[in-house]
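# Examining the three-dimensional arrangement
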Amino acid sequence: MSEQRTDAARRYAAALHEALADRGDEGALSAAYDIGRDAVRQGLSVLDLAMIHTEALAGELAATPERAAERTARAAGDFFLESLSAFEMLARVMRQSSEVARLEQRHAVLLRQLSGFLADASLAVDANASLQEVLQLVAEHTLEVVEADACTARLAATGDAGAVREGHAVTSAAGPDAGVRERLTELYAELRPDGGPVHLDAAAVAERVPGAELAWLAAPLTALDGRVVGLIQLFSLSGDRSFSTVDEAVTVQLAQMASATFERMDLYRR
């Protein structure tokens, strides 16, 4: 038994005994709340707390007359629930804090990686030759910061009517075929004629694109005047996976940074 669990068990047994002696006393329930809160900070689990409660309750019932055992068990249950409420409340706050920290870390990784290659002055040496490479890097880096099976970065080439360049990256799973990607590109134009991100779960995609079984997230690459000149698309082939608003925000940020780079490359080219 760990030192933390031993200490929690000792405190719990003493507080429970006092609570049963002074039924209805708010101070005793306050002690239960404190123990539950401290259990989270000490790294104990709900199972640890349940075992501590069971051991303490067994000790109290052994010293309780049979006719009072039910009342004792009920009062001990109230005490335990108070501890659990504090445990769950603080555990939820800590989980949320951890999620925020992970999100901030993802943003830091994104900014650090993108600044390394999107701001690379060497892209100006041969902008036409670099465009395909940058699109490929955008697709690969997007997959590093957003959980998905495949990503496509697509850009209409300025000054080259009808020409489209595309970077495409996949994880170990196969991505959607070219036909599905093309139909989703068309769907984006239908859903967001004025630009903006869009993400749909697998059911919503299947309604609009028969035969497509995937979740989809798209963010536009834009020119300085706001025109949509390209698209970053993410695909998840897992039926129960859908993209979140956090995934959308990260992808939009990446698309904005990539758009600025493509504008700069176009200026160099001209």
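Structure report, in brief. Just so it is clear, the model here is predicted, and its values are computed rather than measured.

## Structural notes on the overall build of the protein
Counting its regular elements, the protein contains eight helices and five strands. For the protein, the succession of helices and strands along the chain, N to C, is α-α-α-α-α-β-β-α-β-α-β-β-α. Taking all 270 residues of the protein together, the buried fraction comes to 41%. Only carbon and sulfur atoms are counted for the fraction: they give 53% of the accessible area of the protein, which is about 14300 Å².

## Looking at the pairing of strand E4 (residues 215–222)
With seven of its eight residues buried, E4 lies for the most part within the structure. Bridging between strand E3 (residues 198–200) and E4 involves three bridges; their strand directions are antiparallel. Residue Leu-200 lies in a different strand from E4, and its bridge partner there is Trp-216. Judged from the eight bridges that link them, E4 and strand E5 (residues 228–236) form a sheet pairing that is antiparallel. Within the sheet, the bridge partner assigned to Leu-221 lies in E5 and is Gly-230. Counting the residues between successive antiparallel strands, the hairpin from E4 to E5 contains five residues, one of them, Gly-226, with a positive phi of roughly 95 degrees.

## A look at the environment of Thr-185
Looking at the element boundaries, Thr-185 is found in helix H6 (residues 178–191). Placed 45 residues apart in sequence, Thr-185 and Gly-230 show a C-alpha to C-alpha distance of 9.5 Å. Excluding residues within four positions of it along the chain, Thr-185 makes contact with Arg-154, Leu-231 and Gln-233. Among the polar contacts listed, one links the side chain of Thr-185 to the backbone oxygen of Arg-181, at a separation of 2.9 Å.

## Some thoughts on the environment of Ser-45
Summarising the element assignment, Ser-45 is placed in the loop between helix H2 (26–41) and helix H3 (46–62). Taking the relative accessible area as the measure of exposure, Ser-45 reaches 31% and is therefore partly exposed. Separated by 40 residues in the primary sequence, Ser-45 and Arg-5 place their C-alpha atoms 9.8 Å from one another.

## Some remarks on the nonpolar core
In this structure, Val-138, Leu-155, Leu-221, Ile-232, Leu-234, Phe-243 and Phe-262 are the most contacted members of the largest nonpolar core, which totals 29 residues. Counting residues per element, the ones that place at least two in this core are helix H5 (127–145), strand E1 (150–156), E4, E5 and helix H8 (245–269). Residues Ala-15, Ala-32, Ala-76 and Phe-87 belong to the second largest nonpolar core, which totals 21 residues.

## Looking at the pattern of salt bridges
All chains considered together, the criterion is met by six salt bridges. Measuring nitrogen to oxygen at the nearest pair gives 2.8 Å for the salt bridge that ties Arg-227 to Asp-225. Connected via shared salt-bridge partners are Arg-183, Glu-186 and Glu-190.

## Examining the packing of helix H1 (residues 3–21) against H3
It is the contact of H1 with H3, at a shortest axis distance of 9 Å, that shows an interaxial angle of 45 degrees. When the axis of H1 is compared with that of H3, the two are oblique. Every pair of crossing elements has a handedness; the one defined by H1 and H3 is right-handed. Along its contact with H1, which presents Arg-5, Ala-8, Ala-9, Tyr-12, Ala-13, Leu-16, His-17 and Leu-20, the element H3 presents Asp-48, Met-51, Ile-52, His-53, Glu-55, Ala-56, Leu-57 and Glu-60. Taken together, the residues that form the contact of H1 with H3 break down as ten nonpolar, two polar and four charged.

So, how was this worked out
Residues numbered from 1 in each chain as written. Predicted model: local features only at pLDDT ≥ 70, side-chain atom pairs only at ≥ 80, totals over all residues. Heavy atoms only, no water. Helix = DSSP H or I, 4+ residues; strand = E, 2+ residues; numbered from the N terminus. Buried < 20%, exposed > 50% of the residue type's maximum accessible area, 1.4 Å probe, protein only. Areas by Shrake-Rupley, 256 points an atom, 1.4 Å probe, with all protein chains shown as cover. Pairing = 2+ DSSP bridges. Contact = heavy atoms within 4.5 Å. Polar contact = N/O pair within 3.5 Å; in protein donor to acceptor, adjacent residues only side chain to side chain. Core = buried A, V, L, I, M, F, W, Y, C linked by side-chain atoms within 4.5 Å. Salt bridge = Lys/Arg side-chain N within 4 Å of Asp/Glu carboxyl O. Axes fitted to C-alpha atoms, helices over the stretch in contact; angles between N-to-C directions. Parallel < 35°, antiparallel > 145°, perpendicular 65-115°, else oblique. Left-handed = near helix turned anticlockwise from the far one by under 90°. Nonpolar A, V, L, I, M, F, W, Y, C, P; charged D, E, K, R; others polar.

Remember, this is a structural readout, not a statement about activity or role.
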